[in-house]
Amino acid sequence: MKEKSVHFYLADTVEFSLAVTKWSNTKVTYDLGSDLSRGFKNAVDHAGVMVWNGVSSLEFEYSGTSFNDWGMRELDNPAVTQIYSTDNKIIEVNTYFNELEQWNTAILADPDPDELDALTVAIHEFGHWFRLRDTYDDMYSDAMMYGYIDYGEKKVKLSYEDIDAAQTMYP
Ligand SMILES: [Zn+2]
């Protein structure tokens, strides 16, 4: 009998504005909270710099003084991204990993069957920094913006749809 795969809701995106908002500067700095382990910091840097940078005109750059924060929180989902905006301009984005979950933070190693993969989730959440939305259509299960993740799953390559959406937002 074929075992049915169980999907887990990857992330809530909390939006504080219904307007179509964008960054006014395509150089976006982010901060790595002191509550992040070195492994999480590496995963976030890798997701922003190695995966997303170069895809569109939007560039992520680490800055210890930025208030666009990555950190840890107690959450109901693996991660959450909060987007604050005013006058159609994004003024702050914060992303938090769920500190209640078991995480694999190694860039190259696969997660154990009971672990979530930090790099996979970081790439997905950075997609929300573009204002890309989750898709729950199984047709796009290879896309980074697919809204479900399994424990033990690692997915680190942008799909055509991810890239096309990012380039549409920031040509
Ligand atoms: Zn999401």
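Look a little higher up for the structure.
What counts and how
- Residues numbered from 1 in each chain as written.
- Predicted model: local features only at pLDDT ≥ 70, side-chain atom pairs only at ≥ 80, totals over all residues.
- Helix = DSSP H or I, 4+ residues; strand = E, 2+ residues; numbered from the N terminus.
- Buried ≥ 20, exposed ≤ 12 C-beta atoms within 10 Å, placed from the backbone.
- Contact = placed C-beta atoms within 7 Å.
- Core = buried A, V, L, I, M, F, W, Y, C linked by C-beta atoms within 7 Å.
- Axes fitted to C-alpha atoms, helices over the stretch in contact; angles between N-to-C directions.
- Parallel < 35°, antiparallel > 145°, perpendicular 65-115°, else oblique.
- Left-handed = near helix turned anticlockwise from the far one by under 90°.
- Pairing = 2+ DSSP bridges.
- Expected span 1.5 Å × (residues − 1).
- Bend = angle between axes of the 7 residues up to and from the residue.

A word on the overall build of the protein. Of the regular secondary structure elements, the protein holds three helices and 10 strands. Listing every helix and strand of the protein by position from the N terminus yields β-β-β-α-β-β-β-β-β-β-α-β-α. A burial count over the protein gives 32% of its 171 residues as buried. Partitioning the contacts of the protein with sequence separation of at least 6, the portion at a separation of at least 24 is 72%.

Counting 36 residues, the largest nonpolar core has Ala 47, Ala 118 and Ala 122 as its most contacted members. Listed by contribution, the elements that provide at least two residues to this core are strand 3 (27-32), helix 1 (38-52), strand 7 (89-98), helix 2 (118-129) and helix 3 (160-169). A total of seven residues in this core trace back to one element, the largest contributor, which is helix 2. Beyond its immediate stretch of four places on either side in the chain, Ala 118 contacts Gly 39, Phe 40, Ala 43, Phe 97, Trp 103, Asn 104 and Thr 105.

Structurally, Glu 92 is set in strand 7. Using a count of 14 C-beta atoms within 10 Å as the deciding quantity, one classes Glu 92 as partly exposed. Residues Glu 92 and Gln 82, 10 residues apart in the sequence, show an inter-C-alpha distance of 8.2 Å. Among all residues touching Glu 92, those that are not within four sequence positions of it are Phe 67, Asn 68 and Tyr 84.

Glancing now at the packing of helix 1 against helix 2. In helix packing, the relevant descriptors are the interaxial angle and the interaxial distance, both defined with respect to the helix axes. It is the contact of helix 1 with helix 2, at a shortest axis distance of 8 Å, that shows an interaxial angle of 50°. Accordingly, the angle class assigned to the pair helix 1 and helix 2 is oblique. When you trace helix 1 past helix 2, the crossing you get is right-handed. Of helix 2, the residues touching helix 1 (which contributes Gly 39, Phe 40, Ala 43, Val 44, His 46, Ala 47, Gly 48, Val 51 and Trp 52) are Ala 118, Leu 119, Ala 122, Ile 123 and Phe 126.

All right, on to the pairing of strand 7 then. As judged from the four bridges shared by strand 5 (residues 69-73) and strand 7, these two strands associate in the parallel manner. Note that in strand 7 the partner of Gly 71 across the bridge is Tyr 96. Bridging between strand 6 (residues 79-86) and strand 7 involves eight bridges; their strand directions are antiparallel. Note that in strand 7 the partner of Ala 79 across the bridge is Phe 97. Where strand 6 folds back on strand 7, the antiparallel hairpin that results is connected by two residues, among which Asp 87 adopts a positive phi of roughly 50°.

Another aspect to go through is helix 1. The terminal C-alpha atoms of helix 1 lie 20 Å apart, and with 15 residues this matches the ideal 21 Å at 1.5 Å per residue to within 8%. At His 46, helix 1 shows its maximal kink, close to 30°. Within helix 1, the full set of buried residues consists of Phe 40, Ala 43, Val 44, Ala 47, Gly 48, Val 51 and Trp 52. Contacts from the buried residues of helix 1 go to strand 3, strand 4 (59-62), strand 5, strand 7 and helix 2. Once helix 1 ends, the next one or two residues include Gly 54, with phi positive near 95°.

With that settled, the discussion passes to the environment of Tyr 96. With respect to the helices and strands, the residue Tyr 96 is situated in strand 7. Between the C-alpha atom of Tyr 96 and that of Glu 125, which follows or precedes it by 29 residues, the distance is 9.1 Å. Leave out the neighbours within four places in its chain, and Tyr 96 touches Gly 71, Met 72, Arg 73, Leu 75, Ala 79 and Val 80.

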